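Topology and contacts: notes
The lines below spell out each chain.
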Amino acid sequence: MIDRPDGIPPTFEEHVRLMSDLVAIAFQADLTRVVTLMYSREGGNRTYRSIGVPDAHHGLSHHQNDPEKMARLALIDRHHVAMFAYLLGKLRDAQDGDGSLLDHSMVVYGSSLSDSNAHTHDNLPTLLAGRGGGTLRGGRHLRYADGTPMTNLFLTMLDRLGVHRDRIGDSTGRIEHLSAL
């Protein structure tokens, strides 16, 4: 049993933890099977004083290759990944039939830009976690050909869910090697 919060949590980190807890509960109770959780809007100017970064996030993203700004941006990125790891831990620790919620889930984490300084939106850094009910094999770094649309991953994930479509968005086909090499 978790305590009912008294309104919006006072810190960003507590808010993200609460939202992660709610995602895990919603999955465990089978209230939903799809969730979108965005830590910040793309042009967000949140500061991260809790990790020693008083600068606005969006301003740092336009670092102009300044090593000090890039180092502070990397701190924010690591902080976000740690919060994502909290969500994955909640899913891993929640039993679901013959495994965990994470075993039976597919969780995508990433960014809409690969280089925020240049607003580059190809070769996106993307992490796919979970085993998709045994349809995915993780623990690997896979690199796909330049120009592979992100929607190819989403089309492939739909297949794993038993939802077969010829195409979604700008997809050009399915991606390979999510199950085995």
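For the structure itself, consult the block above.
The shown structure was predicted, so the numbers you read here are calculated from the model rather than taken from an experiment.

Helix and strand counts for the protein come out as four helices and four strands. The helix and strand sequence of the protein, counted from the amino end, reads α-α-α-β-β-β-β-α. Seen through its principal axes, the protein has C-alpha atoms that stretch 45 × 45 × 25 Å. In the protein, buried positions account for 31% of the 181 residues. Taking contacts inside the protein between residues at least 6 apart in sequence as the whole, the part at least 24 apart equals 45%. As displayed, the protein offers around 11800 Å² of accessible surface, 52% of which is attributable to carbon and sulfur atoms.

Within the element layout of this structure, His63 appears in the loop between helix 2 (57-61) and helix 3 (67-93). Exposure remark for His63: the relative accessible area of 7% places this residue in the buried category. There is a polar contact of 2.9 Å between the side chain of His63 and the backbone nitrogen of Asn65. Setting aside residues no more than four positions away along its own chain, His63 makes contact with Lys69, Met70, Leu73, Asp115 and Asn117.

This brings us to the nonpolar core. Phe12, Tyr39, Phe84, Leu88, Leu91 and Val107 are the most contacted members of the largest nonpolar core, which has 22 residues in total. For this core, the secondary-structure elements that each account for two or more residues are helix 1 (12-28), helix 3 and strand 3 (107-110). The element contributing the most residues to this core is helix 3, with seven residues. If near-sequence neighbours (up to four positions away) are discounted, Tyr39 is found in contact with Phe12, Val16, Arg46, His80, Met83, Phe84 and Tyr109. Counting six residues, the second largest nonpolar core, distinct from the first, contains Met106, Leu153, Met157 and Ile175.

It is worth spelling out the environment of Tyr86 at this point. Structurally, Tyr86 can be placed in helix 3. Judged by relative accessible area, Tyr86 falls into the partly exposed class, the value being 28%. Note: C-alpha distance between Tyr86 and Ala56 (30 residues apart in sequence) is 24 Å. In contact with Tyr86, not counting residues within four places along its chain, are Arg17, Ser20 and Asp21.

Okay, helix 1 next. Counted at 1.5 Å a residue, the expected span for helix 1 with its 17 residues is 24 Å, and the 24 Å between its end C-alpha atoms agrees. Among the residues of helix 1, those classed as buried are Phe12, Glu13, Val16, Leu18, Ser20, Asp21, Val23, Ala24, Ala26 and Phe27. The secondary structure elements touched by the buried residues of helix 1 are helix 3. Two residues or fewer past helix 1, Asp30 is found with a positive phi of approximately 55°.

Further remarks concern the pairing of strand 3. Only one face of strand 3 is buried, namely the one carrying Val107 and Tyr109, since none of Val108 and Gly110 on the opposite face is buried. Summarising the sheet, strand 3 and strand 4 (residues 126-129) pair through four bridges and their orientation is antiparallel. Within the sheet, the bridge partner assigned to Val108 lies in strand 4 and is Leu128.

What follows is about helix 4 (residues 150-160). Among the residues of helix 4, Thr151, Asn152, Leu153, Leu155, Thr156, Met157 and Asp159 are the ones counted as buried. Along its buried surface, helix 4 packs onto strand 3 and strand 4.

Reading guide: rules and limits
Residues numbered from 1 in each chain as written. Predicted model: local features only at pLDDT ≥ 70, side-chain atom pairs only at ≥ 80, totals over all residues. Heavy atoms only, no water. Helix = DSSP H or I, 4+ residues; strand = E, 2+ residues; numbered from the N terminus. Buried < 20%, exposed > 50% of the residue type's maximum accessible area, 1.4 Å probe, protein only. Contact = heavy atoms within 4.5 Å. Areas by Shrake-Rupley, 256 points an atom, 1.4 Å probe, with all protein chains shown as cover. Polar contact = N/O pair within 3.5 Å; in protein donor to acceptor, adjacent residues only side chain to side chain. Core = buried A, V, L, I, M, F, W, Y, C linked by side-chain atoms within 4.5 Å. Expected span 1.5 Å × (residues − 1). Pairing = 2+ DSSP bridges.

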